[in-house]
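Survey of secondary and tertiary structure
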Amino acid sequence: MTAPLTPPHPPHRPSASGGQGDNPWQAPPNDGDTGPHEAAVVRDDIRDAVIVFFAVAVLGVGLGLLWLALAPSVPLISDGKAVFLRDSEGEEAVGADGTFALLGLAFGALSAVGVFVFRRRGGIALVVALALGGLLGAFVAWGVGTWFGPTEDVVAHAKAVGAGVVFDAPLELNAKGALLAWPVAAMVVHLLLTSLFGPRDPEPLPD
């Protein structure tokens, strides 16, 4: 008679902590509950995104006032019966659109830099808030410029100043695509700053 080369399996004994001992099917131990931490991160992301959205949108007031101050005026003149452009070949209307677009690009770049300094690690919610805030800011600027600019009642204005007197036409934004200059510039500049100076993921440890 010969003895077996492998010893018999020892009887199953529960561990001291009341677990399943050497049971290969048991769930791995939980090293810590990350739920509250992840929820806090989400709350911080939403809070920062809301702050960025409203802060960027409020800057539209400044863009509107600068547009009103820097945009070339369109001179009109009346003969007492009708209102005409004093210079029929003038490009002041195109200049107003170009001024708005250039200011939108500048405000987009500045707002992107400010948001990057505010929170370097970025995030999808922050970028979306930056873009939407820039778009709303552009609409606010458009409204501020036209509201505080020359009156839109050209006929009444012509009667008030009298025939033969030059007056300014209402400030208008004919190229509505200029409204996108701010959000597009903000996203592009923020992406460049994040890719160049944003935090990097840690390198994996060598095997």
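Predicted model only: the values in this text are computed from it and were never measured.

Further remarks concern the overall build of the protein chain. In terms of helices and strands, the protein chain carries 5 helices and 3 strands. Each helix (α) and strand (β) of the protein chain, taken in turn from the N terminus, gives the series α-β-β-α-α-α-β-α. Expressed as a percentage of the 207 residues in the protein chain, the buried residues total 28%. Expressed as a percentage of contacts within the protein chain between residues at least 6 apart in sequence, the contacts between residues at least 24 apart total 80%. Summed over its atoms, the accessible surface of the protein chain is roughly 13,900 Å², and 67% of this surface lies on carbon and sulfur atoms.

With that settled, consider the packing of aromatic side chains. All told, the structure shown has 4 aromatic pairs when counted by the stated rule. Aromatic side chains F139 and W142 sit 6.1 Å apart centroid to centroid with 45° between the ring planes, which places their arrangement in the tilted category. Separated by 3 residues within a single helix, F139 and W142 lie in helix α3 (residues 124-148), roughly one turn from each other.

This part takes up the pattern of salt bridges. Pairing between side chains of opposite charge can happen when their charged atoms approach one another. This model, assessed by the stated rule, comprises 4 salt bridges. For R119, the salt bridge identified is with D45, shortest N-O distance 2.4 Å. With R119 in the loop between α2 (92-118) and α3 and D45 in helix α1 (residues 35-70), this residue pair connects regions lying 74 residues apart in the sequence. We classify R119 as buried; its relative accessible area is 7%. Salt bridges sharing partners connect three or more residues here, namely D44, D45, R47, D48 and R119.

Before going further, it helps to examine the confidence of the model for the protein chain. Of all residues in the protein chain, 74% attain a pLDDT of 70 or more, and the chain-wide mean is 80. Mean pLDDT in the protein chain bottoms out at strand β2 (residues 83-85), which sits at 67, and peaks at α3, which reaches 95.

What follows deals with the packing of α2 against α3. Following both chains from N to C, one finds α2 and α3 inclined at 145°, their axes separated by 11 Å at the closest point. Of the two elements, α2 crosses α3, and the hand of that crossing is right-handed. Between α2 and α3, the residues in contact are F100, S111, A112 and V115 and L126, L130, A138, A141 and W142, respectively. Partitioned by chemical class, the residues of the contact of α2 with α3 number 8 nonpolar, 1 polar and no charged.

Criteria and thresholds
Residues numbered from 1 in each chain as written. Predicted model: local features only at pLDDT ≥ 70, side-chain atom pairs only at ≥ 80, totals over all residues. Heavy atoms only, no water. Helix = DSSP H or I, 4+ residues; strand = E, 2+ residues; numbered from the N terminus. Buried < 20%, exposed > 50% of the residue type's maximum accessible area, 1.4 Å probe, protein only. Contact = heavy atoms within 4.5 Å. Areas by Shrake-Rupley, 256 points an atom, 1.4 Å probe, with all protein chains shown as cover. Phe/Tyr/Trp six-rings, centres within 6.5 Å; stacked < 30°, edge-to-face > 60°. Salt bridge = Lys/Arg side-chain N within 4 Å of Asp/Glu carboxyl O. pLDDT = per-residue confidence, 0-100. Axes fitted to C-alpha atoms, helices over the stretch in contact; angles between N-to-C directions. Left-handed = near helix turned anticlockwise from the far one by under 90°. Nonpolar A, V, L, I, M, F, W, Y, C, P; charged D, E, K, R; others polar.

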